[in-house]
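Below, each chain spelled out in residue letters.
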Amino acid sequence: MSRVARFHADRTNQKLYFARLSCQQAEQTEHVQQAQAHREAAVFHLQGAVLAFLQELVRYYRLNDPAPTLKSIETLMAEKGQVSPEVTVMQQLSKQGFIAELKRAYRFCQYAPEPTAPEPEDETSSNLIIKVTQTPQAWLPDTAILREWHRDLTQLIDGFRNEMVEF
């Protein structure tokens, strides 16, 4: 049995594939709202890939954790007197790195960002004109960034899988 099949990597691979498809669809559509829907779907699938990989780690390390997080895996590994190098790297990236940016985008996809208060235009003589047009998707990463996150996450997971050995 292959290592990928053994640790149930198929769901992680599916989520990465779905994210790639969503990026392709976002690039191919010219309708703004459809493109936004595809970009948001890519964010959800990338976040899902992170969560699916955490499940892979739980299975690999033979931990009992039905809803793993980086913290819960770290705690369970510490109880066994072990450290997961994958969790250490992912924790660093979730503080400063593409995983942190992905988590931020994921939060914004779930909850509407706080609207900024309209401000008067400085260049008007009376300062009575208020700028009310704002880009509602300014927080949503474009497809180039999504593709970069996809590539980075795929490389990270592939690297971790190549290093996983039986213990």
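Procedures and definitions
- Residues numbered from 1 in each chain as written.
- Predicted model: local features only at pLDDT ≥ 70, side-chain atom pairs only at ≥ 80, totals over all residues.
- Heavy atoms only, no water.
- Helix = DSSP H or I, 4+ residues; strand = E, 2+ residues; numbered from the N terminus.
- Buried < 20%, exposed > 50% of the residue type's maximum accessible area, 1.4 Å probe, protein only.
- Contact = heavy atoms within 4.5 Å.
- Areas by Shrake-Rupley, 256 points an atom, 1.4 Å probe, with all protein chains shown as cover.
- Salt bridge = Lys/Arg side-chain N within 4 Å of Asp/Glu carboxyl O.
- Axes fitted to C-alpha atoms, helices over the stretch in contact; angles between N-to-C directions.
- Parallel < 35°, antiparallel > 145°, perpendicular 65-115°, else oblique.
- Left-handed = near helix turned anticlockwise from the far one by under 90°.
- Nonpolar A, V, L, I, M, F, W, Y, C, P; charged D, E, K, R; others polar.
- Core = buried A, V, L, I, M, F, W, Y, C linked by side-chain atoms within 4.5 Å.
- Expected span 1.5 Å × (residues − 1).
- Arc of directions from axis to C-beta.

Caption draft 1: Up close: the overall build of the chain. Along its length, the chain carries seven helices and zero strands. Start at the N end of the chain and walk to the C end: the helices and strands fall as α-α-α-α-α-α-α. Looking at the chain residue by residue over its 167 residues, the buried ones come to 40%. Put simply, of all contacts in the chain between residues at least 6 apart along the chain, 67% involve residues at least 24 apart. Accessible surface, the chain as shown: approximately 10400 Å² in total, 53% of it carbon and sulfur.

Caption draft 2: Seen up close, the pattern of salt bridges. Applying the stated criterion across every chain, the model contains five salt bridges. A salt bridge links R151 to D152, with the shortest nitrogen-to-oxygen separation between them at 3.2 Å. For R151, a relative accessible area of 42% corresponds to the partly exposed category. Each of the salt bridges in this network shares a partner with another, and the network as a whole consists of E56, D158 and R161.

Caption draft 3: Region of the structure containing unusual backbone geometry. You will see that R62, though not glycine, has its phi angle at about 55 degrees, which is positive. Relative to the elements of secondary structure, R62 occurs in the loop between α3 (32-60) and α4 (70-79).

Caption draft 4: Seen up close, the packing of α3 against helix α5 (residues 85-95). Running from N to C, α3 and α5 cross one another at 155 degrees; their axes reach a closest spacing of 11 Å. The angle between the axes of α3 and α5 places the two elements in the roughly antiparallel class. Considering only the axes of α3 and α5, their crossing is left-handed. Residues V50, F53, L54 and L57 of α3 lie in contact with α5, whose contacting residues are E86, V87 and M90. Split into classes, the residues belonging to the contact of α3 with α5 amount to six nonpolar, no polar and one charged.

Caption draft 5: Region of the structure containing the environment of F53. Locating F53 in the fold gives a position in helix α3. Placed 107 residues apart in sequence, F53 and F160 show a C-alpha to C-alpha distance of 9.9 Å.

Caption draft 6: Here's a closer look at the side chain of T12. Within the fold, T12 resides in helix α2 (residues 10-28). Accessibility expressed as a relative area gives 0% for T12, which makes it buried. Ignoring any residue separated from it by four or fewer positions in sequence, one finds T12 in contact with A49, A52, F53, E56, I157 and R161.

Caption draft 7: Molecular detail of the nonpolar core. Judged by nonpolar contacts, the single largest core of 35 residues is most densely connected at L46, L57, I73, M90, L153 and L156. When contributions to this core are tallied by element, the ones reaching two or more residues are α2, α3, α4, α5, α6 (98-110) and α7 (143-163). Broken down by element, this core gets its largest block of residues, ten residues, from α3.

Caption draft 8: Geometry of α2. Helix length check: α2 (19 residues) gives 27 Å between terminal C-alpha atoms against 27 Å at 1.5 Å per residue, within 8%. The complete set of buried residues in α2 reads T12, K15, L16, A19, S22, C23 and A26. Projection of α2 onto a plane perpendicular to its axis shows the buried side chains occupying an angular sector of 120 degrees, all on one side. Along α2, the residues that are exposed and aim more than 90 degrees away from the buried face are D10 and Q28. Where α2 is buried, its residues contact α3 and α7.

Caption draft 9: Up close: the environment of G159. In this structure, G159 sits in helix α7. Look at G159 and you get partly exposed, because its relative accessible area is 30%.

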